[in-house]
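# Results of the structural survey
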Amino acid sequence: MNTNDLPRHAAPIAFTLDGRVVEAAPGESLLDAAERAGVVLPRLCASEGLRPAGNCRACVVEIEGERVLAPSCCRAPTAGMVVRSDTPRAANARRTVLELLQADAPVTTALKHDSELAHWARETGARAGRFAPRGAIGEDLSHPAMAVNRDACIQCTRCIRACRETQGNDVLGLAFRGGHAQIVFDQNDPMGASTCVACGECVQACPTGAIAPANGAFAKPSLQRVDSVCPFCGVGCQLRYHVDESGRIAHVEGIAGPANEGRLCVKGRFGFDYAHSPERLMRPLIRRADAPKDPTAIERRDWRELFREASWDEALDAAAAGFRAALGATAARGRASPVAGFGSAKGTNEEAYLFQKLVRTAFGTHNVDHCTRLCHASSVAALMEGLGSGVVSNPLRDVEHAELVLLIGANPAQNHPVGATWIKNAIRRGTRLVLADPRRTELARHAWRYLGFSPGSDVALLNAMLHVIVAEGLTDPAYIAAHTRDFDAVQAHVAAFTPEAMAPVCGIEPEAIREVARAFATAKSAMILWGMGVSQHAHGTENARALIALSLITGQIGRPGTGLHPLRGQNNVQGASDAGLIPMVLPDYARVNDASARERAEALWRLAPGTLGAEPGLTVVEIIEAAYRGDISAMLVQGENPAMSDPDAAHARAALAGLKHLVVQDIFLTETAALADVVLPATAWPEKTGSVTNTDRCVQLGRKAVASPGEARADAWITEQLARRLGLGWDYGIAPDGSGTGDGAQGIGAVYEEMRALMPSIAGLSWPRLWRDGAVTYPVSDEQDPGQPVVFTEGFPMPEGRARLVPAALVPPAERPDGEYPLVLITGRQLEHWHTGSMTRRSAVLDAIEPSPVVSLNPATAERLGLRAGALARVRSRRGAIALPVRVDDAMPPDTAFIPFAYAEAAANLLTNPALDPLGKIAELKYCAVDVRPAAHEAASA
């Protein structure tokens with residue numbers, strides 16, 4: 001055989017298989033080596049990506065000199081070993097095993113049309129009915145996402161290994177003994193009542209369909225299979241759509257992408273029916289003259305109450321006319337542009353690029369932003385200030401190379417579930433996890449140390465850690481001298497932040513702070529991961545400055561298993577930011593006040609010199625405030641939902657309702673679209689082709705899998721059509737249906753190639769290469785560059801290549817609890833729902849698992865307030881009030897409430913504080929003062 005087929009970097013081991021010499025790599029099983037050599041053996045308990053178990057014995061072979069047959073899946077070849085797979089003894093044993101398994105799980109009970117048991121029975125000539133069947137065990141249909149048919153189970157334990165070892169969830173196990181043994185959930189609970197998080201890893205692992213999608217999707221073959229990328233969080237899992245004969249997505253499986261290696265979460269596996277929702281917008285809409293905008297009545301409206309249908313020409317003409325009128329009125333007064341645009345982090349890179357180009361060239365303004373302003377704007381501001389780049393330094397999967405991981409202000413088990421699996425896998429192999437968060441989230445049980453600091457006291461904790469490292473001489477002086485500047489300023493600043501002084505502020509004992517600081521500084525490799533619990537504060541930039549200093553002064557950056565990784569929220573936050581969907585930068589973070597950067601863009605876009613202004617535009621919250629004042633009179637919103645996502649949502653809704661002209665492109669009539677003048681129906685993620693960039697800086701290709709409903713059109717096509725009506729001579733040739741080809745000559749490929757011309761970070765990643773490879777991590781300098789997962793290895797894109805250390809000031813939250821509002825409110829996402837819920841709440845499975853909003857309270861706090869689990873509570877802040885049921889949660893700190901912001905009927909952002917971080921311009925969504933009391937009591941008082 002050709003040794004080029006061996007795994008990379010393997011030293012071949014020669015052995016004899018069925019009379020010929022075969023070479024294998026160290027650690028490779030006989031089964032894998034045989035398959036590469038063209039010798040096919042049954043495999044049932046063995047599966048790619050899972051630890052071999054050898055418990056089914058369907059793959060046994062004879063080994064010279066050994067008395068018993070050996071399971072080839074868990075035996076490694078040795079030099080000179082003589083193996084026979086073709087003897088009558090081995091073949092009869094394999095066939096008998098399959099006949100016994102058919103008795104346990106008759107093929108007629110299988111829920112999977114391509115049952116592996118049925119396949120191997122046919123291949124080996126195993127006869128059904130040779131052995132008496134076992135008694136029926138029955139079904140478990142208690143879960144909305146998955147169905148269990150234990151009569152089809154062969155106890156191969158692939159599901160157990162997938163659950164425990166791959167996902168790290170410890171839900172599935174093997175109970176009872178002998179012939180009574182069976183796979184169970186927790187303590188033999190119904191699946192729907194167990195701790196199962198519905199990741200579906202067991203579904204993907206099961207060879208017979210004993211665990212399968214509840215919709216019966218495994219019962220018949222797929223008509224089409226299309227590889228793409230998950231549209232939910234920033235992990236960027238690759239997946240395969242299975243499309244049925246009706247053109248709908250029947251089910252989804254994970255594939256071997258760089259971020260997930262086949263893994264998915266509940267949203268990625270079971271959340272795609274939103275694309276087929278009956279609530280999809282199918283034709284352009286224009287507001288009816290008898291339907292005034294009411295910002296107090298926008299939740300889940302039927303479009304017929306507010307709009308009339310229109311043709312695409314009429315709707316596009318109306319959209320463009322409104323923008324021209326706004327621009328003309330302002331030009332006559334000599335004022336700044338009254339138009340702004342909100343782009344989307346849920347679209348493609350190409351859509352983001354076209355959107356910011358449209359706003360800048362047609363509207364003459366940099367008033368363009370997207371949800372990164374409400375996500376990691378403060379992190380990016382601090383990273384740009386300190387490192388000269390806003391990107392992550394290391395991929396998330398680098399946790400496997402880390403000796404210690406500091407995870408702060410993030411809940412990846414809920415928000416980045418596949419990312420959490422890599423953390424749990426690393427812990428199993430010996431990595432120590434320090435979890436710092438006010439809430440004791442799911443990963444706390446895996447953590448080496450949990451630091452439950454007081455909400456809003458991040459800087460106090462981090463500066464105390466910095467104090468310990470500096471005071472005890474645990475810094476890396478050589479790295480500081482070679483790669484940083486202004487260490488003296490940080491050293492002087494943290495001198496007063498002793499653990500004893502900060503303990504009363506952050507609520508962590510001094511010795512615990514010292515222990516964690518020493519462990520971080522002395523680890524061979526230490527990595528920092530953080531989320532919006534760090535960034536969504538009025539002091540978010542200060543938080544990020546402290547984390548950057550922690551990494552730099554210990555030299556924990558620029559190597560595998562080290563570095564700084566702010567976990568990106570939505571699937572294309574990184575890519576949309578890279579593409580220039582930010583008011584102060586052009587593509588690839590070129591500052592708008594950089595004359596040379598503006599000149600390059602003007603030349604590429606064929607604009608007259610001086611067309612692009614040097615003044616940065618307004619950010620998300622600033623645009624809403626300007627709209628409320630009347631300074632912004634027209635807006636274009638693509639796939640964003642500020643009526644739900646912006647802080648002080650009642651204020652934001654009033655601002656949107658007050659616009660003279662609002663055009664919204666979306667797939668549903670969102671709360672924002674309900675306030676629009678023109679609504680343009682867009683395509684969902686599975687209905688278009690384009691690139692996205694995940695939290696690891698990996699650019700990946702999403703491919704069109706299904707047709708869009710009715711007259712819905714791709715966002716890129718809509719943007720091009722608007723541009724033409726606004727006097728721009730765009731001619732990309734974008735297909736209305738969102739399709740693309742691999743040559744890059746026109747359409748989405750042509751947009752990508754133009755974008756690439758302004759982005760040195762992806763200079764070597766052409767559209768044909770992306771089409772061919774599917775995923776490449778930038779920076780990528782030329783066509784031969786494989787991509788650079790770890791950056792800052794030699795220095796930083798700063799003067800003299802040195803990072804800048806900036807002291808982190810101890811800034812209190814903008815609003816503190818008091819007698820009237822005594823509790824702290826934290827908001828965030830949850831496992832089953834994403835962002836404002838416009839997609840996931842229209843997924844039948846996801847909404848069935850988590851159908852209604854709740855406010856989570858510590859048991860002691862709930863008891864003190866007279867609230868029990870399920871009771872209706874009224875939560876009130878200085879900006880609004882909502883009513884919702886109580887969930888009692890031991891993970892919550894006292895006097896703190898948590899509310900997810902995906903539910904329009906109890907919108908958390910009606911309560912939140914719009915106070916801004918002065919540098920990042922991000923709102924303090926993670927902290928505000930609230931009053932919580934029984935809703936009935938409140939009504940009686942009123």
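Below, the structure is looked at part by part. Not measured: the values here are computed from a predicted model.

Along the chain, R887 turns up in strand 36 (residues 881–888). For R887, a relative accessible area of 35% translates into the label partly exposed. Separated by 267 residues in the primary sequence, R887 and V620 place their C-alpha atoms 32 Å from one another. Not counting chain neighbours up to four residues away, the residues in contact with R887 comprise E850, V854, V855, S856 and L857. Polar side-chain contacts of R887 include one of 2.7 Å to the side chain of E850.

Here the focus is the sheet that holds strand 12 (residues 238–243). The sheet built from three strands is open, its strands ordered 11-12-13 with antiparallel pairing. The sheet is open, and its two borders are formed by strand 11 (224–229) and strand 13 (249–254), each paired with just one other strand. Direction aside, neighbouring strands of the sheet carry axes that sit 25° apart on average. By the bridge criterion, six bridges tie strand 11 to strand 12 in an arrangement that is antiparallel. Paired with R225 across the strands is H242, a residue of strand 12.

On to helix 15 (residues 499–506), then. P499, M502, A503 and C506 are the residues of helix 15 that are buried. One face of helix 15 carries all of its buried residues, which in axial projection span an arc of 120°. In this structure, the buried side of helix 15 is in contact with helix 12 (458–471) and helix 16 (510–522). Residue G507 follows helix 15 closely and has a positive phi angle near 80°.

Another point: helix 20 (residues 595–604). Every buried residue belonging to helix 20 is among A597, R598, A601 and E602, and all of these are buried. Buried residues in helix 20, looked at end-on, bunch into an arc of 135°, giving them a common side. Along helix 20, the residues that are exposed and aim more than 90 degrees away from the buried face are E599 and A603. Where helix 20 is buried, its residues touch strand 24 (585–586) and strand 25 (590–591). R606, located one to two residues past helix 20, shows a positive phi value of around 60°.

Rules used throughout
Residues numbered from 1 in each chain as written. Predicted model: local features only at pLDDT ≥ 70, side-chain atom pairs only at ≥ 80, totals over all residues. Heavy atoms only, no water. Helix = DSSP H or I, 4+ residues; strand = E, 2+ residues; numbered from the N terminus. Buried < 20%, exposed > 50% of the residue type's maximum accessible area, 1.4 Å probe, protein only. Contact = heavy atoms within 4.5 Å. Polar contact = N/O pair within 3.5 Å; in protein donor to acceptor, adjacent residues only side chain to side chain. Pairing = 2+ DSSP bridges. Axes fitted to C-alpha atoms, helices over the stretch in contact; angles between N-to-C directions. Arc of directions from axis to C-beta.

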